[in-house]
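Read off the chains here:
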Amino acid sequence: MNLILEDGSTADSTKASGKPARFNLGDQSLSPALEAQIKNLSEGDKHTFTLDAKDAFGESNPDAIHHMDRSRFPANMKLEPGVIVSFSGPGGSEIPGIVRETIGDSITVDLNHPLAGHKITFELDVVQVITE
C-alpha cells in the first residue's frame, strides 16, 4: 500500500517496509468511505482511489495543537520542528505529538494525526483476505 499526498509525494509505503497493512472491516477503525472502497476487494486485486481529508485521516483539529512550556519536557530532550514526542493518555495509552514550532521556552505540539487535513490517494495491492 502506498499513501500519496496531493503533491505526488509518498507519505507512507508498506512496500518499502515489506510489511503489509491490515484492515479490519466493521470494527469502526476505518472511515465509512475507506471501508466502502475496500470491502469488496479480493486477493490479487489492485485498487487506487482518493479520499478527502475528512474521509481519510480526518481534518486537522486546532484544539489538538498545544503551546507548552519547555519545562514540561526532559531537560536533555532535543525539541525542534518535526521531532515526535509521546504523552501519556487515558488508561496508559501513548499519544504521539509532533513539535511544530519552538519560540524561546514555548513549544508548539500538534497532537493531530500526521496525515490529518490531507487528501490522500491510496494505492492498494491486496495480498490476502481473511474472513472470520
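This section reports on the structure supplied with the text. (Residues numbered from 1 in each chain as written. Predicted model: local features only at pLDDT ≥ 70, side-chain atom pairs only at ≥ 80, totals over all residues. Heavy atoms only, no water.)

1. Side note on the sheet that holds strand 2 (residues 10–13)
The strand order across the open sheet built from 4 strands is 2-1-8-3, with neighbouring strands paired in antiparallel fashion. Each edge of the sheet is formed by a strand with only one pairing partner; in this case those strands are strand 2 and strand 3 (46–51). Between one strand axis and the next, the sheet turns by 15 degrees as a mean value, whatever way the strands run. Here strand 1 (residues 2–4) runs beside strand 8 (residues 120–125); their pairing, made up of 3 bridges, is antiparallel. Among the inter-strand pairings, isoleucine 4 is bridged to a residue of strand 8, identified as threonine 121. (Pairing = 2+ DSSP bridges. Helix = DSSP H or I, 4+ residues; strand = E, 2+ residues; numbered from the N terminus. Axes fitted to C-alpha atoms, helices over the stretch in contact; angles between N-to-C directions.)

2. Brief notes about the pattern of salt bridges
Summed over the entire model, instances satisfying the criterion amount to 7 salt bridges. Lysine 54 is the partner of aspartate 55 in a salt bridge, and the nearest nitrogen-oxygen pair spans 3.2 Å. Notably, a salt bridge pairs glutamate 80 with lysine 78, separated by 3.8 Å at the nearest N-O pair. A residue is classified by how much of its surface remains accessible, and glutamate 80, at 36% relative accessible area, is partly exposed. Using a relative accessible area of 57% as the deciding quantity, one classes lysine 78 as exposed. (Salt bridge = Lys/Arg side-chain N within 4 Å of Asp/Glu carboxyl O. Buried < 20%, exposed > 50% of the residue type's maximum accessible area, 1.4 Å probe, protein only.)

3. Thoughts on the nonpolar core
Counting residues in hydrophobic clusters, the biggest one holds 14 residues, and the most contacted among them are Leu34, Ile38, Phe49 and Phe122. Going through the elements one at a time, helix 2 (32–38), strand 3 and strand 8 are the ones with two or more residues in this core. For this core, the leading source of residues is strand 8, giving 3 residues. Among residues more than four places away in sequence, those in contact with phenylalanine 122 are Met1, Asn2, Leu3, Leu34, His47, Thr48, Phe49, Leu51, Ala56 and Phe57. (Core = buried A, V, L, I, M, F, W, Y, C linked by side-chain atoms within 4.5 Å. Contact = heavy atoms within 4.5 Å.)

4. Points about the sheet that holds strand 4 (residues 65–69)
The 4 strands lie next to each other as 4-7-6-5, forming an open sheet whose pairing is antiparallel. Two strands in the sheet have a free side with no partner beyond their single neighbour: strand 4 and strand 5 (84–88). Each neighbouring strand pair of the sheet contributes to a mean axis angle of 40 degrees, computed without reference to strand direction. Summarising the sheet, strand 6 (residues 94–103) and strand 7 (residues 106–110) pair through 5 bridges and their orientation is antiparallel.

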